[in-house]
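Listed here are the chains, written in short residue letters.
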Amino acid sequence: MGKRRSVPPVYSMCVQPAFLIGTNNEDGTANFAPITWVSVTQGEGDGYMLVISMFGTKKTKQNVQRTGIFSANLVSVDMLPLMDYFGSRHGSDGVKDGVPCEVSRGEVLDVPVLAQSRWVYECQVAEAVETGASTTFFCPIRNIQMDERLSCRDPFDVDLTLLDPVIYSGKYHSLGKLLGDIGDFL
Ligand SMILES: Cc1cc2nc3c(=O)[nH]c(=O)nc-3n(C[C@H](O)[C@H](O)[C@H](O)COP(=O)(O)O)c2cc1C
């Protein structure tokens, strides 16, 4: 093992897929913004909940607090220009229509969805927890729209290489190889 050194707990090594969060503005227009503090946990019964954390007073957070619904659109590598654009603008400064993209609607919830995304969660907020200036939302997943090319034999059989997600930990990365299943390395 290589040698380690102790450093102050200020460094962020949080390996996460990037999502563009789609919300409805008051006037019915769509807003998208990158949020990467996203995880999952157990919901009621067998369902999953998306756990998503938003800082400050951004438009996305206000829209989620007002409407209680949003889409989480997985960002694949080909969507990086779109994510950089949405992340460099504030919804409160006006509609983010500077980069062309096809927007459709959710299949179950009335939320804006990015046509280009290969995996979309449609989520409804069940609970919110405040810590400092951040709000963490616990959100049952009401629907998943997955790329038709995926053929999942079970809920854990998802080929991430096909989704080609942008992995974020302060910088953008892409995914490596599919290494195998649980038990392959016993
Ligand atoms: C790669 C990336 C990841 C981000 N992740 C988060 C996040 O996890 N939580 C958050 O509150 N803001 C995050 N942001 C910041 C928002 O996307 C940014 O403030 C955006 O302008 C908000 O837009 P809005 O005002 O339309 O909501 C991230 C930005 C980028 C570029």
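Asker: What exactly am I supposed to notice about the layout of surface pockets here?
Answerer: Any empty space left between atoms is shown by rolling a water-sized probe over those atoms. The calculated volume of the largest pocket comes to roughly 1100 Å³. Lining of the largest pocket is provided by 33 residues; of these, Trp119, Pro155, Phe156, Val158 and Leu160 occupy positions nearest its centre. Counting only elements with at least two residues in the lining of the largest pocket, the list comes to strand E4 (38-42), strand E5 (48-55), strand E9 (119-124), strand E11 (134-146) and helix H3 (160-163). A per-class count over the lining of the largest pocket returns 24 nonpolar, three polar and six charged. Looking at the second largest pocket, its volume works out to about 490 Å³. What lines the second largest pocket is a set of 25 residues, among which Ala33, Pro34, Ile35, Lys58 and Gly87 lie closest to the centre. At the level of elements, strand E3 (30-35), E5, helix H1 (59-67) and helix H2 (80-87) are the ones that each hand at least two residues to the lining of the second largest pocket. Here the residues of the lining of the second largest pocket sort into 10 nonpolar, 10 polar and five charged.

Asker: Could you clarify how one ought to interpret the nonpolar core in this entry?
Answerer: Soluble globular proteins: nonpolar side chains tend toward being buried together. Membership of the largest hydrophobic core comes to 19 residues, with the highest contact counts inside it found for Leu50, Ile52, Phe70 and Tyr121. Secondary structure elements with two or more residues in this core: strand E2 (19-24), E5, strand E6 (69-74), E9 and E11. Sequence-distant contacts of Leu50, defined by excluding residues within four places in its chain, comprise Val38, Ser39, Val40, Phe70, Ala72, Tyr121, Cys123, Phe137, Phe138, Cys139 and Ile141. With 11 residues, the next largest nonpolar core counts Leu20, Leu82, Met83 and Phe86 among its residues.

Asker: Would you mind going over the site of the ligand with me for this structure?
Answerer: Close to the ligand lie 19 residues; Pro34, Phe55, Lys58, Thr60 and Lys96 are nearest. Separating an oxygen atom of the ligand from a side-chain N or O atom of Thr60 is a distance of 2.6 Å. Between the ligand and the protein, one listed contact pairs an oxygen atom with a side-chain N or O atom of Lys96 at 2.8 Å. Protein contact buries 86% of the 640 Å² of open area that the ligand shows by itself. According to the grid-proximity analysis, the pocket containing the ligand is the second largest pocket. Those elements that place two or more of their residues in the shell around the ligand are E3, E5 and H1. With four residues, the top contributor of residues to the shell around the ligand is E3. Split into classes, the residues belonging to the shell around the ligand amount to eight nonpolar, seven polar and four charged.

Rules used throughout
- Residues numbered from 1 in each chain as written.
- Predicted model: local features only at pLDDT ≥ 70, side-chain atom pairs only at ≥ 80, totals over all residues.
- Heavy atoms only, no water.
- 1 Å grid on protein atoms, 1.4 Å probe; cavity = no way out; pocket = protein on both sides within 12 Å on 5 of 7 lines; lining within 4 Å.
- Points joined across faces, edges and corners; volume = space filled by probe spheres on them.
- Helix = DSSP H or I, 4+ residues; strand = E, 2+ residues; numbered from the N terminus.
- Nonpolar A, V, L, I, M, F, W, Y, C, P; charged D, E, K, R; others polar.
- Core = buried A, V, L, I, M, F, W, Y, C linked by side-chain atoms within 4.5 Å.
- Buried < 20%, exposed > 50% of the residue type's maximum accessible area, 1.4 Å probe, protein only.
- Contact = heavy atoms within 4.5 Å.
- Near = heavy atom within 4 Å.
- Polar contact = N/O pair within 3.5 Å; in protein donor to acceptor, adjacent residues only side chain to side chain.
- Areas by Shrake-Rupley, 256 points an atom, 1.4 Å probe, with all protein chains shown as cover.
- Sits in = over half its atoms within 2 Å of the grid points.

Everything listed here is a matter of coordinates, which is why it stays silent on function.
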